[in-house]
Amino acid sequence: MYKMEQVCLEYRRRGKTVNALQDANLEICDGDYLSIVGPSGSGKSTLLLTLGGMLTPTKGRVMAGSESLYDLAPVKRAQLRREKIGFVFQTFNLIPYLTALENVQVPLLLAGASEARQQERAKQLLERLGLSDRLDHKPGELSVGQQQRVALARMLANEPSLILADEPTGNLDPDTGKEVLSFLEQLNAEGRTVVIVTHDHAAAERAKKRLRLENGFVHPVEKGNI
Ligand code: ADP
Ligand code: MG
């Protein structure tokens, strides 16, 4: 169970303040598939980073089970993030000079797995994503859809129970986007909790629960009425 309680996030830049999240309340139960839809600039990436332990709120709390994420020591917070949370970035954030296999190995390396174990697990994951014939390709030698699949494999490396996806279809053509959504649905069917933020209403509509974000405020929505 994850919760945001009265979370505010203010960015301050050159004397100007942006209220990117305003009293955001959110509850995510284990096994949920939640979408949060909102236009560009509504605070989607900010919300996901805050929920994922990567951006400290100005006010309010983020609860991961019984732990208050931002009251944990940074080392503990990083550990919780590594063990429980998988993040899918809009721009994939693959390391350009590493191969697909090595990119997927990174989180396993950070978790202390042996080189042999890293390779074995990374191969398995890339196979699951249909990329067994692209292990030695670098991101620049892969199509955009393939890069997203490497990013998904890397995200799965440490078996996250919570998956946070920032516009996972934003940079993809419609068919590849649909593949990514069905993959996220499969991961949810396996029991993982999935949260996606998106400006794509069709993608948002496929989730089990939906919320709308507008100017940093979170609102509920009814199905078919995004
Ligand atoms: P979205 O992902 O929905 O497009 P963001 O969460 O990226 O929205 O941004 C929400 C608001 O906060 C926007 O108005 C954006 O300009 C502002 N913002 C985002 N990141 C920063 C930052 N690092 N510094 C200052 N303002 C920011
Ligand atoms: Mg964004």
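Residues numbered from 1 in each chain as written. Chains lettered and ligands numbered in written order. Predicted model: local features only at pLDDT ≥ 70, side-chain atom pairs only at ≥ 80, totals over all residues. Heavy atoms only, no water.

A. Seen up close, the pattern of salt bridges. Within this structure, the stated rule accounts for twelve salt bridges. Ionic pairing is found between R12 and E10, a salt bridge with its closest N-O pair at 2.7 Å. Judged by its relative accessible area of 55%, R12 is exposed. A salt bridge links R117 to E120; the shortest N-O distance between them is 3.1 Å. Residue R117 and its partner E120 are both found in helix α4 (residues 115-128); the two are separated by three residues, about one turn of the helix. Here the salt bridges share partners, and the residues they tie into one network are R121, R128, E159, E190 and R192. (Salt bridge = Lys/Arg side-chain N within 4 Å of Asp/Glu carboxyl O. Buried < 20%, exposed > 50% of the residue type's maximum accessible area, 1.4 Å probe, protein only. Helix = DSSP H or I, 4+ residues; strand = E, 2+ residues; numbered from the N terminus.)

B. Region of interest: the nonpolar core. Formed by 34 residues in total, the largest nonpolar core has its most connected members in L126, V150, L152, I163, L184 and I196. Those elements giving two or more residues to this core turn out to be α3 (100-110), α4, α5 (144-156), β7 (162-166), α6 (174-189) and β8 (193-198). Those residues in contact with L184 that sit more than four places away from it in its chain are Y33, L152, I163, A165, P168, V194 and I196. The next biggest cluster of nonpolar side chains, apart from the first, holds 28 residues, and it includes M4, I36, L48 and L72. (Core = buried A, V, L, I, M, F, W, Y, C linked by side-chain atoms within 4.5 Å. Contact = heavy atoms within 4.5 Å.)

C. Inspection of the packing of α5 against α6 at higher detail. At a minimum axis separation of 10 Å, α5 and α6 run at an interaxial angle of 15°. One element, α5, and the other, α6, form an angle in the roughly parallel class. Every pair of crossing elements has a handedness; the one defined by α5 and α6 is right-handed. Residue-level contacts link G145, Q148, L152, M155 and L156 of α5 to T176, V180, F183, L184 and L187 of α6. Across the contact of α5 with α6, the residue classes break down as seven nonpolar, three polar and no charged. (Axes fitted to C-alpha atoms, helices over the stretch in contact; angles between N-to-C directions. Parallel < 35°, antiparallel > 145°, perpendicular 65-115°, else oblique. Left-handed = near helix turned anticlockwise from the far one by under 90°. Nonpolar A, V, L, I, M, F, W, Y, C, P; charged D, E, K, R; others polar.)

D. The arrangement of the sheet that holds strand β10 (residues 217-220) in detail. Ordered in space as β6-β7-β8-β3-β9-β10, the six strands form an open sheet in which the pairing is mixed. Edge positions in the sheet fall to β6 (85-88) and β10, since each of these pairs with one other strand and no more. Taken over all neighbouring pairs, the strand axes of this sheet differ in orientation by 20° on average, direction set aside. Here strand β3 (residues 33-37) runs beside strand β9 (residues 209-214); their pairing, made up of four bridges, is parallel. Across the sheet, residue L34 finds its bridge partner in β9, namely K209. (Pairing = 2+ DSSP bridges.)

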